[in-house]
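# Working through the structure, step by step
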Amino acid sequence: MSYTSRLPMDCLKMVFNLFPNWKRAAEVKRLGYKLHGNPFSTNTRRVLAVLLEKGLSYEPIAVDLKTGEHKKEDFLRLNPFGQVPVLEDGNLKLSESRAITQYIAYVHSSRGTQLLNLQNHETMGILTMWMEIEAHQFDPLASKLTWELVIKPLYGLETDHTVVKENEACLEKVLDVYEKRLGESRFLACNTFTLADLHHLPNIQFLLGTPTKRLFETRPKVRNWVHEITSRESWKMACDPEKSWFGNQRK
C-alpha cells in the first residue's frame, strides 16, 4: 500500500483516538465541573469515585500539597480552611468531600449508579445513619492509621507505633459492629452500593497496604465487603491518576 493510500486511514485512526477527549471536553464545558485537589488525597479520591460512578466529566486542577499550595492566597479564596478538594459548579464552590459527594449524587440521581437510597423515610434514615457512622466512628481512626502508616513514611517521618496500637484497638471494635451489620445486609445501608460504602474507600485502600489489613481480613463479612467495594471499576479508575487525573497529576 502506498503512502498516499495509507494517509486517509491514519487520519481516521487519529480522529477516533481524539474523539473521547473531544467528547469529554464538550461535557466538561456543558457541566462546568472543576475539581481542585490531589489525586493521592483520600478526600479527593472520595469525590473522584462519585464522579466516575456517575460517568461525569470534569476538569481536574492539581493542588500541590507538598509545597503548601492549599494554604496560599489563591486557593484560600476557594476554601478559606485550606483543604482539598473543592468542586466548582459555575458560581457554586463546595468544599468538604462528603458534602460534594452528596451534592453530585443528588443532582445526578437519574444517572449512573444510584448512590442515594431515598425510596422512603426509613431507607433515607438508615443511609444517613451509616454515612454518619463512617464520618464519626470509622474515619477518625482510619485517618490516624493512614497518617501514621502511609503518609508519615512518605514524608520521612517516624511512625508512632503507640498511636497505631491504640487506634487499631478502637478500630477493631468498630469493625465488629460492621461484621454484625454485614451479616444482615450485603452493604452497609441496604443491599445495594451507596455513598455509605463509597465514603469508606479511600482510607481502606491505603490501609490494605499496611499491617492494619489484618483487621479487615480476619472478619469474613467485612473482608467480602471490602473486596467487593474496592473491586469496582470506578474505584480502580479513581486510584489511577493517569485515568482519573488524565496524566496531569502532581504529587
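Owing to the predicted nature of the structure, the values given are computational and were not obtained by experimental measurement.

Calculation criteria
- Residues numbered from 1 in each chain as written.
- Predicted model: local features only at pLDDT ≥ 70, side-chain atom pairs only at ≥ 80, totals over all residues.
- Heavy atoms only, no water.
- Patch = residues over 30% accessible without salt bridge, like charges linked within 9 Å, V, L, I, M, F, W, Y side chains within 5 Å.
- Areas by Shrake-Rupley, 256 points an atom, 1.4 Å probe, with all protein chains shown as cover.
- Salt bridge = Lys/Arg side-chain N within 4 Å of Asp/Glu carboxyl O.
- Helix = DSSP H or I, 4+ residues; strand = E, 2+ residues; numbered from the N terminus.
- Buried < 20%, exposed > 50% of the residue type's maximum accessible area, 1.4 Å probe, protein only.
- Phe/Tyr/Trp six-rings, centres within 6.5 Å; stacked < 30°, edge-to-face > 60°.
- Lys NZ or Arg CZ within 6 Å of the ring centre and 35° of its normal.
- Pairing = 2+ DSSP bridges.
- Axes fitted to C-alpha atoms, helices over the stretch in contact; angles between N-to-C directions.

Moving on: a nonpolar patch on the surface. Together, Tyr 106, Val 107, Leu 118 and Met 124 make up an exposed nonpolar region whose accessible area comes to about 410 Å². Of note, Met 124 is situated in helix α5 (residues 121-154). Residue Met 124 is classed as partly exposed on the basis of its relative accessible area, which comes to 42%.

We now examine the packing of aromatic side chains. By the definition in use, this model includes five aromatic pairs. By the ring-pair criterion, three or more aromatic residues cluster together here, those being Trp 130, Phe 138, Tyr 178 and Trp 225. Here the basic side chain of Lys 66 rests over the ring of Tyr 155, its NZ or CZ set 5.7 Å away from the ring centre. Positioned over the ring face of Phe 193 is Arg 232, at 3.9 Å from the centre of the ring.

Further remarks concern the environment of Asn 91. For Asn 91, the location among the structural elements is in the loop between β3 (86-89) and β4 (92-95). Each C-alpha atom of the pair Asn 91 and Gly 32 lies 9.7 Å from the other, and the pair is 59 residues apart in sequence.

Let us look at the sheet that holds strand β2 (residues 59-62). Strand order in this open sheet of four strands is β2-β1-β3-β4, and the pairing throughout is mixed. Both edges of this open sheet fall to β2 and β4, since each of them pairs with a single strand only. Ignoring strand direction, the axes of neighbouring strands in this sheet form an average angle of 20°. Here four bridges tie strand β1 (residues 33-37) to β2, and the two strands are oriented parallel to one another.

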